[in-house]
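Given next are the chains, with one letter for each unit.
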Amino acid sequence: MMNRVQLKRSGILKMALSGSSDPLLQQEEGEVGSKQPSFLLRAVRIATVVSMYWFISITMVFLNKYLLGSPSLRLDAPLFVTFYQCFVTVLICKGLSLLASCCPSNYLDFPSIRMDLKVSRSVLPLSVVFIGMITFNNLCLKYVGVAFYNVGRSLTTVFNVLLSYLLLKQTTSLYALLACGVIIGGFWLGIDQEGAEGTLSWAGIVFGILASLCVSLNAIYTKKVLPAVDGSIWRLTFYNNINACVLFLPFLLLSGDFQTLYHFDKLGSLYFWGMMSLSGLFGFAIGYVTGLQIKFTSPLTHNVSGTAKACAQTVLAVCYYEETKSFLWWTSNMMVLGGSFAYTWVKGLEMKKVQEEPVPKANEKSETGV
């Protein structure tokens with residue numbers, strides 16, 4: 001009963017990398033044009049989604065930093081922290097699904113969720129990228145401070161350009177490349193300033209680069225996988241995290257995190273498990289609002305929003321931890337932010353120019369009559 005038009009893989013990747021809207025929504029746009037919400041409603045909806053993403057993401061970063069590197073906690077099990085967040089997300093999704101089946105739809109609108117191995121296999125490529133993204137994010141955060149976390153993971157836009165060329169052979173304009181050059185310059189200046197202050201961690205830098213790559217891939221594969229779950233962010237969140245829980249198990253055994261937990265002196269502390277569960281709750285929330293932001297905006301907008309959010313997060317971190325940073329250190333952050341917004345502005349102008357170009361009719365003859 002497949003009524004949806006099947007899209008080619010290259011077409012989906014092209015839409016995702018170029019920042020276009022959901023391909024399934026594009027198909028139905030002509031049929032339901034009269035039902036499209038007004039510009040003001042769309043703007044309010046996008047602003048709300050982006051604000052939710054900022055609040056949940058910033059709070060989760062500070063909470064994860066506590067769990068991953070707090071001197072008072074002394075827990076060296078980053079993979080277990082990440083696994084537990086995925087596990088709690090699965091429980092919340094299943095719990096809400098069961099609750100929705102007992103309540104009227106006007107009280108709780110949540111899709112029915114049951115385990116389907118075929119759907120799980122369809123989501124598996126995204127789950128692999130998702131594991132890399134959240135794991136490398138947490139490992140980067142473990143080795144660097146929250147203030148430098150922005151710069152350490154600032155290459156997502158650059159990877160978007162590289163993937164556009166490598167996967168689709170799409171070239172990028174000179175101005176967009178210059179903007180990427182500013183981002184890279186800010187990234188290296190930040191590394192130099194961290195080294196000058198004696199707080200540089202090359203392990204954190206490597207994990208940050210890998211996290212940036214996975215964030216870019218995650219945006220692409222989210223767009224591609226959404227049709228497999230009927231466009232439902234809730235179902236995608238469930239399958240993505242349950243796949244991640246299974247895939248995490250061998251890594252937990254190999255990393256020795258289970259042994260670390262066995263000797264952890266706060267294993268029976270209710271406060272510890274409360275903080276862990278809270279991180280799991282935010283893990284559920286960030287997975288949902290991330291997918292929601294991609295769905296209502298675009299992968300590119302999502303990446304730039306994440307970069308801008310991280311800059312605000314940097315200011316909060318410097319104030320919260322009472323750190324003192326040099327002028328050049330702040331310059332590196334401004335270069336990353338400025339380069340990201342310049343890239344978005346250039347791409348926006350290019351897309352607007354393409355949309356304004358008149359499309360010739362198929363049966364229209366040329367002036368020469370050919």
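Residues numbered from 1 in each chain as written. Predicted model: local features only at pLDDT ≥ 70, side-chain atom pairs only at ≥ 80, totals over all residues. Heavy atoms only, no water.

(A) Layout of the packing of helix α8 (residues 174–196) against helix α9 (residues 202–225). Running from amino to carboxyl end, α8 crosses α9 at an angle of 160°, the nearest separation of the two axes being 12 Å. On the basis of their axis angle, the class for α8 and α9 is roughly antiparallel. Crossing of α8 against α9: the hand is right-handed. Across the interface between the two elements, Phe-187, Trp-188 and Ile-191 of α8 pack against Trp-202, Ile-205 and Ile-209 of α9. Grouping the constituent residues of the contact of α8 with α9 by class yields six nonpolar, no polar and no charged. (Axes fitted to C-alpha atoms, helices over the stretch in contact; angles between N-to-C directions. Helix = DSSP H or I, 4+ residues; strand = E, 2+ residues; numbered from the N terminus. Parallel < 35°, antiparallel > 145°, perpendicular 65-115°, else oblique. Left-handed = near helix turned anticlockwise from the far one by under 90°. Contact = heavy atoms within 4.5 Å. Nonpolar A, V, L, I, M, F, W, Y, C, P; charged D, E, K, R; others polar.)

(B) Molecular detail of the nonpolar core. Counting 84 residues, the largest nonpolar core has Leu-75, Phe-80, Val-123 and Phe-248 as the members making the most contacts within it. Among all residues touching Val-123, those that are not within four sequence positions of it are Val-225, Val-229, Leu-236, Tyr-239, Asn-240 and Asn-243. (Core = buried A, V, L, I, M, F, W, Y, C linked by side-chain atoms within 4.5 Å. Buried < 20%, exposed > 50% of the residue type's maximum accessible area, 1.4 Å probe, protein only.)

(C) Seen up close, the environment of Gly-208. Position of Gly-208 among the secondary structure elements: in helix α9. We classify Gly-208 as buried; its relative accessible area is 0%. Sequence separation between Gly-208 and Tyr-143 is 65 residues, and the spatial gap between their C-alpha atoms is 9.8 Å. With sequence-adjacent residues up to four places away left out, Gly-208 is seen in contact with Cys-140, Gly-152 and Arg-153.

(D) The arrangement of the pattern of salt bridges in detail. By the definition in use, this model includes seven salt bridges. Residues Asp-76 and Lys-142 are paired through a salt bridge, measuring 2.9 Å at the closest nitrogen-oxygen approach. Taken together, the positions of Asp-76 in the loop between α3 (39–69) and α4 (78–102) and Lys-142 in helix α5 (residues 117–143) put the pair 66 residues apart, joining distant regions of the chain. With a closest N to O distance of 3.8 Å, Lys-266 and Asp-265 form a salt bridge. (Salt bridge = Lys/Arg side-chain N within 4 Å of Asp/Glu carboxyl O.)

(E) Layout of α5. An ideal rise of 1.5 Å per residue puts 39 Å on 27 residues; α5 measures up with 37 Å between its terminal C-alpha atoms. Where α5 begins, the side chain of Asp-116 points an oxygen toward the backbone nitrogen of Lys-118, at a separation of 2.9 Å. (Expected span 1.5 Å × (residues − 1). Polar contact = N/O pair within 3.5 Å; in protein donor to acceptor, adjacent residues only side chain to side chain.)

(F) Looking closely at the environment of Tyr-53. Inspection of the secondary structure assignment puts Tyr-53 in helix α3. You can call Tyr-53 buried: its relative accessible area is 8%. Note: C-alpha distance between Tyr-53 and Lys-309 (256 residues apart in sequence) is 8.7 Å. Aside from chain neighbours lying at most four places away, what touches Tyr-53 is Ile-286, Val-289, Thr-290, Gln-293, His-302, Ser-305, Gly-306 and Lys-309.

(G) A look at the state of the cysteines. Scanning the entire structure with this criterion turns up zero disulfides. Just so you know, Cys-86 is unpaired, no disulfide at all, and the nearest cysteine sulfur is the one on Cys-245, 5.3 Å from it. Judged by relative accessible area, which is 2%, Cys-86 ranks as buried. (Disulfide = S-S within 2.5 Å.)

(H) Fine view of the packing of aromatic side chains. Counting across every chain of the model gives 16 aromatic pairs. Relative to Phe-284, the ring of Trp-234 lies with its centre 5.5 Å away and its plane at 20°, an arrangement referred to as stacked. Here Trp-234, found in helix α10 (residues 233–255), pairs with Phe-284, found in helix α12 (residues 270–296); they are 50 residues apart in sequence, far enough to count as distant. The class for Phe-284 is buried, based on a relative accessible area of 9%. Taken together, the ring pairs connect Phe-80, Phe-83, Tyr-84, Phe-87, Phe-264, Phe-272 and Trp-273 into an aromatic cluster. Above the ring of Tyr-143, the side-chain terminus of Lys-142 is found at 6.0 Å from the ring centroid. (Phe/Tyr/Trp six-rings, centres within 6.5 Å; stacked < 30°, edge-to-face > 60°. Lys NZ or Arg CZ within 6 Å of the ring centre and 35° of its normal.)

(I) Examining the side chain of Asn-64 more closely. Note on placement: Asn-64 falls in helix α3. Overall, Asn-64 belongs to the buried group, its relative accessible area being 4%. Within the local environment of Asn-64, its side chain forms a polar contact with the side chain of Gln-85, the two groups lying 2.7 Å apart. Those residues within four positions of Asn-64 in sequence are excluded, and the remaining contacts are Gln-85, Asn-138, Leu-141 and Ser-279.

(J) Broad picture of the side chain of Glu-194. Looking at the secondary structure, you find Glu-194 in helix α8. Classification of Glu-194 as buried rests on a relative accessible area of 4%. When sequence neighbours within four positions are dropped, the list of residues in contact with Glu-194 reads Phe-148, Thr-199, Leu-200, Lys-325 and Trp-329.

(K) Spatial organisation of the packing of α4 against α10. Where α4 contacts α10, the axes come no closer than 8 Å and their chain directions differ by 150°. Put simply, α4 runs roughly antiparallel to α10. With respect to the hand of their crossing, α4 and α10 are arranged in left-handed fashion. Residues Leu-79, Phe-80, Thr-82, Phe-83, Cys-86, Phe-87, Thr-89, Val-90, Cys-93 and Leu-96 of α4 pack against Trp-234, Thr-237, Phe-238, Asn-241, Ile-242, Ala-244, Cys-245, Phe-248, Leu-249, Phe-251, Leu-252 and Ser-255 of α10. For the contact of α4 with α10, a count of residues per class yields 17 nonpolar, five polar and no charged.

(L) Highlighting unusual backbone geometry. With a phi angle near 60°, Asp-230 is a residue other than glycine that sits in the positive phi range. When you line up the elements, Asp-230 lands in the loop between α9 and α10. Taking the relative accessible area as the measure of exposure, Asp-230 reaches 54% and is therefore exposed. With phi around 55°, Glu-322 is a residue other than glycine that occupies positive phi space. Mapping Glu-322 onto the fold places it in the loop between α13 (299–320) and α14 (327–356).

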